[in-house]
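Read off the chains here:
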Amino acid sequence: MRTAVHSSSVIGPTVGFVRLPHGEGLPLPAYESAGAAGMDLRAAVPEDRPLLILPGKRALVPTGLVLEIPEGMEGQVRPRSGLAFKHGLTVLNSPGTVDSDYRGEVKVLLVNLGDEDFPVTRGMRIAQIVFAPVTQVTVEERALAGGTTRGAGGFGSTGTA
Ligand SMILES: O=c1ccn([C@H]2C[C@H](O)[C@@H](COP(=O)(O)OP(=O)(O)OP(=O)(O)O)O2)c(=O)[nH]1
Ligand SMILES: [Mg+2]
């Protein structure tokens, strides 16, 4: 049973959603619980032609949506943990980055890491998108980086336990 879509009391920035013709009839993404971080994205594949992803293969899945994300924000396309756990299905480039100036269709790059064929059907919730602030920095070339206690230690330099 699907639970009701919640309308959060949190008022955030507004993101524009434009539905493309092949997305007609699909529900717009929505927060599925009051405190959800992401909105689920649905597959805008033809009703009569599910997209079959074979084990080890990947597919770019259309969502039927063009977004208008405010400047200073991005959309992060992330896997749904249920699909990853049950079927080994994940987002290959996770988190996918949707730039605020992108006006093409948002697509989800799914990869099947499971051992069975996975059929993506129309309207299936295949991934989620999280909107987040972005900071663009100014590049300042320097001759040397200032010293720190860590220095160049990394990749396990502080131990494993
Ligand atoms: O999961 C994703 C990732 C990206 N995009 C779209 C929106 C993003 O703004 C654009 C470019 O993404 P990215 O910068 O990750 O790809 P690129 O390989 O660097 O392509 P480009 O040269 O177009 O930036 O592709 C998606 O629809 N879904
Ligand atoms: Mg890029």
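Residues numbered from 1 in each chain as written. Chains lettered and ligands numbered in written order. Predicted model: local features only at pLDDT ≥ 70, side-chain atom pairs only at ≥ 80, totals over all residues. Heavy atoms only, no water.

An unreviewed UniProt entry lists the chain under the name Deoxyuridine 5'-triphosphate nucleotidohydrolase, with Mesorhizobium argentiipisi given as the organism. Taken verbatim from the UniProt record of the chain, the Catalytic activity (unreviewed entry) comment is "dUTP + H2O = dUMP + diphosphate + H(+)". UniProt, in its Function (unreviewed entry) section for the chain, records the words "This enzyme is involved in nucleotide metabolism: it produces dUMP, the immediate precursor of thymidine nucleotides and it decreases the intracellular concentration of dUTP so that uracil cannot be incorporated into DNA." (UniProt positions renumbered as here; feature names shortened; annotations may be inferred.)

Draft legend 1. Layout of the sheet that holds strand 8 (residues 105–112). If you walk across this open sheet you meet the four strands as 1-4-8-6, and the pairing is antiparallel. Strands at the two margins of the open sheet, each flanked by one partner only, are strand 1 (16–19) and strand 6 (89–91). Adjacent strand axes in the sheet meet at a mean angle of 45 degrees when their direction is disregarded. (Pairing = 2+ DSSP bridges. Helix = DSSP H or I, 4+ residues; strand = E, 2+ residues; numbered from the N terminus. Axes fitted to C-alpha atoms, helices over the stretch in contact; angles between N-to-C directions.)

Draft legend 2. A look at the site of ligand 1. As a matter of local geometry, ligand 1 sits amid Val 77, Asn 93, Gly 96, Thr 97, Val 98, Asp 99, Tyr 102, Glu 105, Val 106 and Lys 107. With respect to ligand 1, the side chain of Asp 99 contributes an N or O atom lying 2.6 Å from an oxygen atom. Backbone polar atom of Lys 107 to a nitrogen atom of ligand 1: 2.8 Å apart, as the coordinates give it. Alone, ligand 1 offers 570 Å² of accessible surface; in the complex the protein occludes 49% of this. (Near = heavy atom within 4 Å. Polar contact = N/O pair within 3.5 Å; in protein donor to acceptor, adjacent residues only side chain to side chain. Areas by Shrake-Rupley, 256 points an atom, 1.4 Å probe, with all protein chains shown as cover.)

Draft legend 3. Region of the structure containing the packing of aromatic side chains. Taken as a whole and judged by the stated rule, the model has one aromatic pair. Ring centres of Phe 17 and Phe 131 lie 6.4 Å apart, and the angle between their planes is 80 degrees; on these two criteria the pair is classed as edge-to-face. Taken as a pair, Phe 17 in strand 1 and Phe 131 in strand 10 (residues 125–133) lie far apart in primary sequence, 114 residues in all. A relative accessible area of 16% places Phe 131 in the buried class. (Phe/Tyr/Trp six-rings, centres within 6.5 Å; stacked < 30°, edge-to-face > 60°. Buried < 20%, exposed > 50% of the residue type's maximum accessible area, 1.4 Å probe, protein only.)

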